[in-house]
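# Descriptive analysis of the structure
What follows is the residue order along each chain.
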Amino acid sequence: MQASNAPLVNTASSLLNGLKIRLGQQWYICGKLALNEGSSPRRPLNASPETLECQLLFKAALLVSGLDADLPLVVTIGLPNSTYRLYKDKAEQVLRGRHIIESDPAVYGEDGAGIVPVNVAQVEVLPEIVSCMIALRKGENREHGAFFVFSFGFGTLETGLSTDEGIIENAMGSAPGLHYAIHILREELQEAHDLSFQSMQQLDEGFRNGYLYSNRKKIDLIDLRKRALKTYYSEIVSPLLSGVVNDRNLSKTNRIFICGGGAYYGDLVDCVLEEFGDIADIQIAGQPDTLAVKGYLLNSLRFVQDEPKAPMGIDIGNIQTRVAVVEN
């Protein structure tokens, strides 16, 4: 996201790709529009729900959901285990209530004021890893028995152990996420390239693509990314996982599900396999980057039933914000 009062007309093909939202007297561009049109779009890591950034992304998520504005919403969001108790109550207070969302339809070639009132009747807040467990147990696969879950996100790595009886608290953990690996890559790149105008969000895009451009030169990042991920694993991931996958917890299960955007990095998954492959049954969850938001939606459904309310899940991520709604 980035502050921008510049007029943008027919710049994007849709609302999703052309999010320009007003807060107070200032306009902000979000998501893909910020990456395309912003000079240096940014997003603070694991910010408080009170911050402008979280308020803006929450409104953007409500806007793109396409839900009937006349229906009150039941929304579930998530927080890392490290900040869950700190921010849970504040998130419920700040995000619940009536929101007047003003956007600029001219960005994607439409007329009108773009003012939408939304009533958020109820806000539920879960630890991120608990939402992943809900999605695994209550989603398409209907998993039973005990299993570990490792969620590799940009902001944090989350761990947990779910059983049929409940959650094992001693296995709940948080550690720095993939941004740690991107910092490693950035430090190495800066020895030969000027990256002063590259935000972490822009570097993340290059990290995922395996290349970026600097001074009109294409830089291959595949080998650098592999080394950065291995260093991240040895310095951050392995120390956390070794305390979670201990003898006491292995007596309950040896099944491990990997989710989050990091599940798409084969080099990172290989590190998990190398350490635990001989003792554990390791699986990558289906659509691992959307598992958490599915769990949020499933949680919201519990509070709707026959009432005239619309359930919704929002994953306000440090790189991408995802929205899940019920089609029918």
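Bear in mind that the values here come from a model prediction, so they are computed numbers and not experimental data. (Residues numbered from 1 in each chain as written. Predicted model: local features only at pLDDT ≥ 70, side-chain atom pairs only at ≥ 80, totals over all residues. Heavy atoms only, no water.)

The subject of this paragraph is the overall build of the protein chain. Scanning the protein chain for helices and strands turns up 10 helices and 15 strands. Over its C-alpha atoms the protein chain spans a radius of gyration of 20 Å, differing by no more than 12% from the 20 Å that the globule rule assigns to 328 residues. With respect to the principal axes defined by its C-alpha atoms, the protein chain has extents near 60 × 60 × 30 Å. Evaluated residue by residue, the protein chain yields a buried proportion of 54% over its 328 residues. Intrachain contacts of the protein chain at a sequence separation of at least 6 include 66% that bridge at least 24 residues. With an accessible surface of roughly 15500 Å², the protein chain has 47% of that area assigned to carbon and sulfur atoms. Counting 30 positive and 40 negative side-chain charges, the protein chain places the centres of these two groups 2 Å from one another. (Helix = DSSP H or I, 4+ residues; strand = E, 2+ residues; numbered from the N terminus. Rg over C-alpha atoms; globule rule 2.2 N^0.38 Å. Buried < 20%, exposed > 50% of the residue type's maximum accessible area, 1.4 Å probe, protein only. Contact = heavy atoms within 4.5 Å. Areas by Shrake-Rupley, 256 points an atom, 1.4 Å probe, with all protein chains shown as cover. Lys, Arg positive; Asp, Glu negative; His and termini not counted. Charge placed at Lys NZ, Arg CZ, Asp CG, Glu CD.)

It is worth spelling out the sheet that holds strand β15 (residues 321-325) at this point. One open sheet holds the 8 strands; their spatial order is β1-β3-β2-β5-β6-β4-β14-β15, and the pairing between them is mixed. Two strands close off the open sheet at either side, each with one partner strand: β1 (2-3) and β15. With 7 bridges joining them, strand β4 (residues 73-79) and strand β6 (residues 115-127) adopt parallel strand pairing. Along β6, the bridge assignment pairs Ile 77 with Val 125. Taken strand by strand, helix α2 (residues 52-64) contacts β2 (20-23), β3 (26-29), β4, β5 (97-103), β6, β14 (310-316) and β15, and its axis lies near 80 degrees from that of β5. Of the strands in this sheet, β4 and β6 are in contact with helix α4 (residues 128-138), which crosses β6 at around 90 degrees. (Pairing = 2+ DSSP bridges. Axes fitted to C-alpha atoms, helices over the stretch in contact; angles between N-to-C directions.)

Tracing the chain through its elements places Thr 253 in the loop between α8 (247-250) and β12 (255-259). When its relative accessible area of 8% is taken as the criterion, Thr 253 is described as buried. Discounting chain neighbours no more than four positions away, the residues touching Thr 253 are Ala 146, Phe 147, Phe 148 and Leu 161.

On inspection of all chains with the given rule, the structure shows 9 salt bridges. The partner of Lys 20 in a salt bridge is Asp 104, with the nearest N and O atoms 3.6 Å apart. Taken as a pair, Lys 20 in strand β2 and Asp 104 in the loop between β5 and β6 lie far apart in primary sequence, 84 residues in all. Accessibility expressed as a relative area gives 4% for Lys 20, which makes it buried. (Salt bridge = Lys/Arg side-chain N within 4 Å of Asp/Glu carboxyl O.)

Under the defined criterion, the tally for this structure stands at 5 aromatic pairs. Pairing Phe 147 with Phe 257 gives two aromatic rings, centres 5.3 Å apart and planes at 85 degrees, and the pair type is edge-to-face. In this pair, Phe 147 is assigned in strand β7 (residues 147-152) and Phe 257 in strand β12, connecting sequence segments 110 residues apart. In this structure Phe 147 comes out as buried when scored by relative accessible area, which is 0%. Summarising the aromatic geometry, the rings of Tyr 211 and Tyr 213 are spaced 6.2 Å apart at their centres and angled 85 degrees between planes, so their arrangement reads as edge-to-face. Over the ring of Trp 27 we find Lys 20; its NZ or CZ atom is 5.5 Å from the centre of that ring. Directly above the ring of Tyr 211 sits Lys 218, whose terminal nitrogen or CZ lies 4.4 Å from the centroid. (Phe/Tyr/Trp six-rings, centres within 6.5 Å; stacked < 30°, edge-to-face > 60°. Lys NZ or Arg CZ within 6 Å of the ring centre and 35° of its normal.)

All right, on to the sheet that holds β7 then. Pairing within the open sheet is mixed, and its 5 strands lie in the order β9-β8-β7-β12-β13. Looking at which strands have only one partner, the edges of the open sheet turn out to be β9 (173-176) and β13 (281-284). On average, adjacent strands in this sheet sit at an angle of 20 degrees to one another, irrespective of strand direction. Inspection of the sheet shows β7 paired to β12 by 4 bridges, in the parallel sense. Bridging from a neighbouring strand, Ser 151 pairs with Cys 259 of β12.

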